[in-house]
Every structure is written in C-alpha cells, then in structure tokens.
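Summary of the model geometry
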Amino acid sequence: MTGFGRVLLRVLIASALVFAGPVAAQDAGTRWKASWASAQMIAEGDNALTVTEDVTLRQILRLSGGGDRVRVRVSNRFGRTPLRIAGGQVALAVAPGQSTVVPGSGRPLRFGGQAEVSVPPGAEYLSDPVAMRVEAGVDLAISLHVAELPAERTGHPGSRTTTFVVVGDRVAADVLNDADAVVRWYLLAAVDVEGQAPAVIALFGDSITDGYGVEPDTNLRWTDRLAERLRETPGLKNAAVLNLGIGGNRMLLDGLGPNAAARFDRDVLAQSGVTHVVVLEGVNDLGVLTRDGPASPEAHAAIVRDMIQSYAQIVQSARDRGVMAIGATIMPFAGSAYYHPGPETEADRQAVNAWIRTPGNFDAVIDFDAILRDPARPDHLKADLDNDGLHPSMDGYRAMGDAVPLSLFERRP
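Residues numbered from 1 in each chain as written. Predicted model: local features only at pLDDT ≥ 70, side-chain atom pairs only at ≥ 80, totals over all residues. Heavy atoms only, no water.

**Let's talk about the overall build of the protein chain**
Looking only at helices and strands, the protein chain features 9 helices and 22 strands. Relative to the globule expectation of 22 Å for 413 residues, the C-alpha radius of gyration of the protein chain, 23 Å, shows essentially globular dimensions. Over its C-alpha atoms, taken along the principal directions, the protein chain stretches across nearly 80 × 60 × 45 Å. Taken over 413 residues, the protein chain has a buried fraction of 53%. Intrachain contacts of the protein chain at a sequence separation of at least 6 include 80% that bridge at least 24 residues. Side chains of the protein chain carry 39 positive and 49 negative charges; the gap between the two charge centres is 7 Å. (Helix = DSSP H or I, 4+ residues; strand = E, 2+ residues; numbered from the N terminus. Rg over C-alpha atoms; globule rule 2.2 N^0.38 Å. Buried < 20%, exposed > 50% of the residue type's maximum accessible area, 1.4 Å probe, protein only. Contact = heavy atoms within 4.5 Å. Lys, Arg positive; Asp, Glu negative; His and termini not counted. Charge placed at Lys NZ, Arg CZ, Asp CG, Glu CD.)

See below:
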C-alpha cells in the first residue's frame, strides 16, 4: 500500500468512528412516538389552496401522547415538483378554531439546522427535534411559511379543524387576525414526540373514522372520544391515537384518496412507534358495487372474496412488523339514501363481518356492528345513533369511542 493509501485508509476509519458513535447512541437513547397523524392525499378542486407562493399556513391539531421534544413530518407525497418551505414554527395554540398562540411558546422549526428546506416530489421530511414539553391532549399550532407550492398539493381535506392562511411570512406572529380560514390540513403528515407511550394506536378507515358530520374544531370524532378515555386511564394516559381515516376511502379501488391496500404501509406502518392498528374499512366497497344499479351474483361473491383477501394482507403486514391488528366490523347502512343497498349487499356485509369475527383472522375484534345496529332492524343503525343511515350521529360516535375495550392497549408481559 502506498503512503497516500495508508493515509486515506486512516481518514476513512476515523470518519467511520466519528459518524458511527453518535448515530448508535441516538438510536439507543431516543424513543420517538407518533402523537398525531393524518392520511395524505391530493388536495384538488375545492380542497386546493388558491395561493401558490409566499404564504403562511397556521394549522391547529390536537396531540394525543405527550413528551419532552417534538418533531414535525411535512409532506410533498403527491407533489410532482419540489415543495419549498422558507420557515416554520411550532407553538401552543390557545384553542381550536383560533389563530392565537400562547405568547412565548413558539419554537422555530429547522431541517438539518436550516430554516429553509426543499422537499422533493413524493417525499416526506422530518424536522429537527424541538425542545418543547407537551402534554397529552394539548392543542399545537404549526406555522409554515411556504415559498412555493407544487401544482399538485398534498393535504387532508377532512380536517374538521380550522387552518389559517395569510400572505407573507407570519410564522412568528402571536395572532393572525387578517387570515383566511379554511377547514383543511395541508402538507402535514405527522407530529412525533419523544417520551414514553404505552401504545401508539393507528385508526385506519374511511369517513366514519375521518369524522363525517362533526362540526369544525369540536373534536367529537369517535377517535377523539377514545383518546379522551385513554387520557383518563392510569397506565394509558400517554397512549397515542392516530386518525388515519379518509372520507370515501375504499379497500380495493382508489376513490377519495388511494385505496386502503395501497396506503397501509405509508399511513400506518411508517408511523413512529406504532403498536396497534384498528381497521374499519369496507362500507364504501360494498355500497359502490350497487349504487348505480344491481350487480350480478358473481360480482357480489367477488367483492366479498377480494375484500377478505385485502384484509388478510393488511393483517399479515401488521403482524410482520409486530403491530397488533384489530378488526372492526362494518356497521349497517341499509338506511343510506346515498347507497340504497338491498338484501344482497346486506348479505355481503354479513359475510365480511363473519370473517372479521372469526378467531385468528385478526388479533382482536371491536364489534361496532353489534353496538350500533337496531335490534328490531339489524340492517339499520339505531335511530338515536344515526346521522344519515350511513354515518353515526355525534351520540353514535361517542358510543363507538366508549365501546373500544381499553384492555386491548395494555402492556403485555
């Protein structure tokens, strides 16, 4: 070996030691857990932002688990050009539906130590950790100054939470009195916290999980009720609940958002520290089959078969990652004027639910069907828990949140 070669080898070895030590120490010492998350899709049509550059977005979201540091995952998942963020801040929000942050609570967001970052098309970036103690159930305000938005914007239309939009760099302002208000989330995929969490529970579903019918800023989804119950339970009060519902979502085909099979890995398994997933999907697959006309017996048999195969794939993917897969039965919807299902669709629903309930297919079952169905008309929701024949009312959502056995999320030896 030449003298130059020996010098180069020593430099490479030294460099490896420098980089290997801190990374290993960080991996061993940090415990990042998702505390809030949202399923991403293309924000288009009425859901798209009308401004394209030099805009500040202040978005309010409620954390579930707490911790000593936070980090934010920004998303350009559906963009085809870079997303240029010029700056950001995380602060405590005074209340949902208000743009005001608690004075002095703001902390700047950085990406690799820099205020500005360009997120490539299709990518999601994590911010640097921010030293900020947050409690379970706190409302967080995340402000992003976006220099340039891609033509294809990534977001979540079903926020049921107000976002504030104003031109210019206003991330550090305590209040945005002149901002426009929209009920959407944009560019935010998740917020992680560093701390102990007995469970990180991903709730994977459609509009029933997303919270159809819930008024903005009220936090009355069934997922919110579950989070409240966990916070009130010793040993589980710092458990995290992640709402990964998309209105109109289907298991087998794209509709509003990517189909469940396509998005499961990204929306569930990629969440930091996820331990459990509750799967409540399939009503839209069943409903769409006959929405515009009757279907053949072969088509009914095929959709049941294909849905069951999709469930089985989701369960296997979860188990392979050590995530407990919990199946939720599909609730009755014969009263839906949107889908107007007939006896054949009800038979499909019963067949799918029978598979979900069969021991071993899922690791556990939450029988929402048994909780919400009308005993006199089992293909209908109970009248006092029904919104529109398809979605539960606010009392229905509360009944769902109350029906989840919290013992599912207790630590096991």
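**Quick word on the pairing of strand S17 (residues 240–245)**
Counted residue by residue, S17 has 6 buried out of 6 residues, so it is predominantly covered. Alternating positions in S17 separate into two faces, Ala-240, Leu-242 and Leu-244 on one and Val-241, Asn-243 and Gly-245 on the other, with burial throughout. Where strand S16 (residues 200–205) meets S17, 6 bridges bridge the pair, whose relative direction is parallel. Bridging across to S17, Leu-203 finds its partner in Asn-243. (Pairing = 2+ DSSP bridges.)

**Considering the packing of helix H5 (residues 283–291) against helix H6 (residues 297–320)**
Running from amino to carboxyl end, H5 crosses H6 at an angle of 160 degrees, the nearest separation of the two axes being 11 Å. As far as their axial angle goes, H6 and H5 are roughly antiparallel. As H5 packs across H6, the resulting crossing turns out to be right-handed. Only Ala-299, His-300, Ile-303 and Met-307 of H6 make contact with H5, whose side of the interface consists of Asp-285, Leu-286, Leu-289 and Thr-290. The class makeup of the residues in the contact of H5 with H6 is 5 nonpolar, 2 polar and 1 charged. (Axes fitted to C-alpha atoms, helices over the stretch in contact; angles between N-to-C directions. Parallel < 35°, antiparallel > 145°, perpendicular 65-115°, else oblique. Left-handed = near helix turned anticlockwise from the far one by under 90°. Nonpolar A, V, L, I, M, F, W, Y, C, P; charged D, E, K, R; others polar.)

**Examining the environment of Ile-85**
Position of Ile-85 relative to the elements: it lies in strand S5 (residues 83–92). Sequence spacing of Ile-85 and Val-117 is 32 residues, and the spatial spacing of their C-alpha atoms is 5.3 Å. Contacts of Ile-85, omitting those with residues within four sequence positions, involve Val-74, Ala-115, Glu-116, Val-117, Leu-144, His-145, Val-146 and Ala-147.

**What to know about empty space enclosed by the protein**
Taken as a whole, this structure holds 2 cavities of 30 Å³ or more when the rule is applied. Volume-wise, the largest cavity comes out at about 320 Å³. Counted by class, the lining of the largest cavity contains 9 nonpolar, 8 polar and 7 charged residues. By volume, the second largest cavity is sized at about 60 Å³. (1 Å grid on protein atoms, 1.4 Å probe; cavity = no way out; pocket = protein on both sides within 12 Å on 5 of 7 lines; lining within 4 Å. Points joined across faces, edges and corners; volume = space filled by probe spheres on them.)

**Remarks on the sheet that holds strand S11 (residues 153–156)**
With antiparallel pairing, the 3 strands of this open sheet are ordered in space as S2-S11-S14. Every interior strand has two partners, whereas the edge strands, strand S2 (41–43) and strand S14 (185–186), have only one. Strand direction decides the pairing type here: S11 and S14, joined by 2 bridges, are antiparallel. Opposite His-156, over in S14, you have Trp-185 as the bridge partner.

**Quick notes on the environment of Arg-170**
With respect to the helices and strands, the residue Arg-170 is situated in the loop between strand S12 (163–167) and strand S13 (180–182). Leave out the neighbours within four places in its chain, and Arg-170 touches Thr-56, Arg-58, Val-175, Leu-176 and Asp-178.

What is shown is where atoms sit, not what they do.
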